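Chains, contacts and geometry: an overview
The primary structure of each chain is shown beneath.
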Amino acid sequence: MESPLTSARFRNAFKTAVAIVLAYGFALWFDWGKPMWAVFAVALISLPTLGASLNKGAQRLEGTLVATVVALLLIALYAQDRWAFLLAQAGWLAFCTYRMTVSDRDYFWFCAAFVSAIITANGGPDPVHAFSVAVMRTLETSLGIICFALVFSLLWPVRGDDALPGEADEAPAVPPRADRLNQSAWVFIGYSIGFLAVLYVPGFPGSYAFLGMLAPFAVILATTPGLPVSKVLLPASLAILAACPVYMLLMPLLSGFAQLAPVIFAMCFAICYVLHTPEQGLARIFGLAFFAITTGISNEQSYSFLSVANTALMFSLVLLIMHVARSITVFVEKDAGEPNPAVETN
């Protein structure tokens, strides 16, 4: 009988947690402002084999570079025209979403979509600030990929033929064209609703930072129309609830990274160990991501329960907006297989 300490489940959880601790450690050492971006890179590219993970990491970095160019171009062209900016940003997200459904480099298009929205949301109309955000995003993404590659190549490296049955990536079936167009339309509609809410609802949670959270989840929820909201809400909520006492009660007592690192390792290991199956992959990503978002670890650490509550509220609003967007059918499939706008003609 295989020992739990030598199982693939234990090894993958251990390696992912070590890579995240390293990513945090180097980001804090370099005094970078958003260490969680490096953590996102580790969480999102983690696959059973090193080769598959590095391929996904390369797609993430390439997508980030494309997103950087697009974001800076949008800010340069439309910084003073909010409506043109909305159409351009939402249109880019919709275009990337469509490309995700037909390309074998779907993760590249995913990153090209949501990273552009994060840069424009955090950079604002100032091109210089936006460029700084873009550079930092690229650096931290690269750091996460490097930390992941280092750990997974040195600790129990797994070749492609060593992967457990069911863990290899399978090419998803291409949905009908009308479905692909509807998924793109849902992202366009969802982002537009969020943008208008930020503009016209006083004190909207997160302000423009809300759009940075909305974009990736809009693309994920649009391209997985069969995914129930509960399967997204539950792991995110559990991660927030588990991270909240660590953030509010334990972290204020710690005096340096040497004391913080074991806490980070334990939390990330637990998330990866519990959510270890391929079917739980999305839940595992959400768990790690919301642990990083909730704790907000940085060199200028602050502690506020309102910050945790605001994060939970923002995510709830993201789910609500995308629930509304996914209920709208813009295109229907004609008998001949061609999409047609879902409007009645007299």
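Residues numbered from 1 in each chain as written. Predicted model: local features only at pLDDT ≥ 70, side-chain atom pairs only at ≥ 80, totals over all residues. Heavy atoms only, no water.

1. Structural notes on the overall build of the chain
Counting secondary structure elements, the chain contains twelve helices and two strands. Of the contacts formed within the chain by residues at least 6 apart in sequence, a portion of 75% connects residues at least 24 apart. For the chain, the exposed area adds up to about 16,300 Å²; of that, 66% sits on carbon and sulfur atoms. (Helix = DSSP H or I, 4+ residues; strand = E, 2+ residues; numbered from the N terminus. Contact = heavy atoms within 4.5 Å. Areas by Shrake-Rupley, 256 points an atom, 1.4 Å probe, with all protein chains shown as cover.)

2. A look at the nonpolar core
Counting 110 residues, the largest nonpolar core has Tyr191, Phe210, Leu214 and Ile264 as the members making the most contacts within it. Element by element, the count of residues in this core is highest for helix α5 (residues 106-123), at 13 residues. Look past the residues within four positions of Ile264 in its chain and what remains in contact with it is Ile20, Val21, Tyr24, Phe257, Phe291 and Ile297. (Core = buried A, V, L, I, M, F, W, Y, C linked by side-chain atoms within 4.5 Å. Buried < 20%, exposed > 50% of the residue type's maximum accessible area, 1.4 Å probe, protein only.)

3. Here's the deal with the packing of helix α9 (residues 229-250) against helix α12 (residues 305-326)
Relative orientation of the contacting elements α9 and α12 amounts to 175°, with a least axis distance of 10 Å. Considering their axes alone, α9 and α12 lie roughly antiparallel with respect to each other. Note on element contacts: α12 touches α9 through Phe305, Ser307, Val308, Ala312, Phe315, Leu319 and Arg326, opposite Val229, Val232, Leu233, Ala236, Ile240, Cys244, Tyr247 and Met248. In terms of residue class, the contact of α9 with α12 is built from 13 nonpolar, one polar and one charged. (Axes fitted to C-alpha atoms, helices over the stretch in contact; angles between N-to-C directions. Parallel < 35°, antiparallel > 145°, perpendicular 65-115°, else oblique. Nonpolar A, V, L, I, M, F, W, Y, C, P; charged D, E, K, R; others polar.)

4. A look at the pattern of salt bridges
On inspection of all chains with the given rule, the structure shows one salt bridge. Arg105 is the partner of Glu62 in a salt bridge, and the nearest nitrogen-oxygen pair spans 2.3 Å. Here Arg105 lies in the loop between α4 (82-102) and α5 and Glu62 lies in helix α3 (residues 50-78), a separation of 43 residues in the sequence. The partly exposed category is assigned to Glu62, whose relative accessible area is 34%. (Salt bridge = Lys/Arg side-chain N within 4 Å of Asp/Glu carboxyl O.)

5. Overview of the confidence of the model for the chain
In the predicted model, the chain carries a mean pLDDT of 87, and 90% of its residues have values of at least 70. Counting contacts from residues 163-169, a segment whose pLDDT is below 50, to residues more than four positions away or on other chains yields eight contacts. (pLDDT = per-residue confidence, 0-100.)

6. Here's the deal with the side chain of Glu140
Mapped onto the fold, Glu140 is located in helix α6 (residues 127-154). A distance of 3.2 Å separates a polar atom in the side chain of Glu140 from the backbone nitrogen of Lys34. In this view, Glu140 contacts Ala27, Trp32, Gly33, Lys34, Pro35, Met36, Trp37 and Ala38; residues no more than four positions away in its chain are not counted. (Polar contact = N/O pair within 3.5 Å; in protein donor to acceptor, adjacent residues only side chain to side chain.)

7. Details of the packing of α5 against helix α8 (residues 209-223)
Close contact between α5 and α8 brings their axes to 8 Å; oriented N to C, the two are set at 165°. Regarding the angle of α5 to α8, the classification is roughly antiparallel. In the crossing of α5 with α8, the sense of the turn from one axis to the other is right-handed. Contacts between α5 and α8 involve Phe110, Ala113, Phe114, Ala117, Ile118 and Ala121 on the former and, on the latter, Leu211, Gly212, Ala215, Pro216, Val219 and Ile220. In the contact of α5 with α8, the residues fall into eleven nonpolar, one polar and no charged. (Left-handed = near helix turned anticlockwise from the far one by under 90°.)

8. A few points about the environment of Tyr208
Positionally, Tyr208 belongs in the loop between α7 (177-200) and α8. What makes Tyr208 partly exposed here is its relative accessible area of 39%. On a C-alpha basis, the gap between Tyr208 and Thr120 in space is 8.8 Å, while along the polypeptide they are 88 residues apart. Setting aside chain neighbours within four positions, we find Tyr208 in contact with Ala121, Val198 and Leu199.

9. With respect to the packing of aromatic side chains
To describe a pair of aromatic rings, you give the distance between the ring centres and the angle between the ring planes. Under the definition given, this model contains 26 aromatic pairs. Cluster of aromatic residues (ring-pair linked, three or more members): Phe10, Phe14, Trp156, Phe265, Phe269 and Tyr273. (Phe/Tyr/Trp six-rings, centres within 6.5 Å; stacked < 30°, edge-to-face > 60°.)

10. As for the state of the cysteines
All chains considered together, the criterion is met by zero disulfides. With no disulfide of its own, Cys268 has Cys272 as its nearest cysteine by sulfur position, at a separation of 6.6 Å. (Disulfide = S-S within 2.5 Å.)

11. Points about unusual backbone geometry
With a phi close to 45°, Trp156 is a non-glycine residue in the positive phi region. Tracing the chain through its elements places Trp156 in the loop between α6 and α7. Phi at Ser207 takes a positive value of approximately 50°, unusual for a residue other than glycine. Positionally, Ser207 belongs in the loop between α7 and α8.

12. Focus: the side chain of Thr64
Locating Thr64 in the fold gives a position in helix α3. When residues no more than four places from it in sequence are discounted, the contact partners of Thr64 are Cys111, Val115, Arg137, Thr138 and Thr141.

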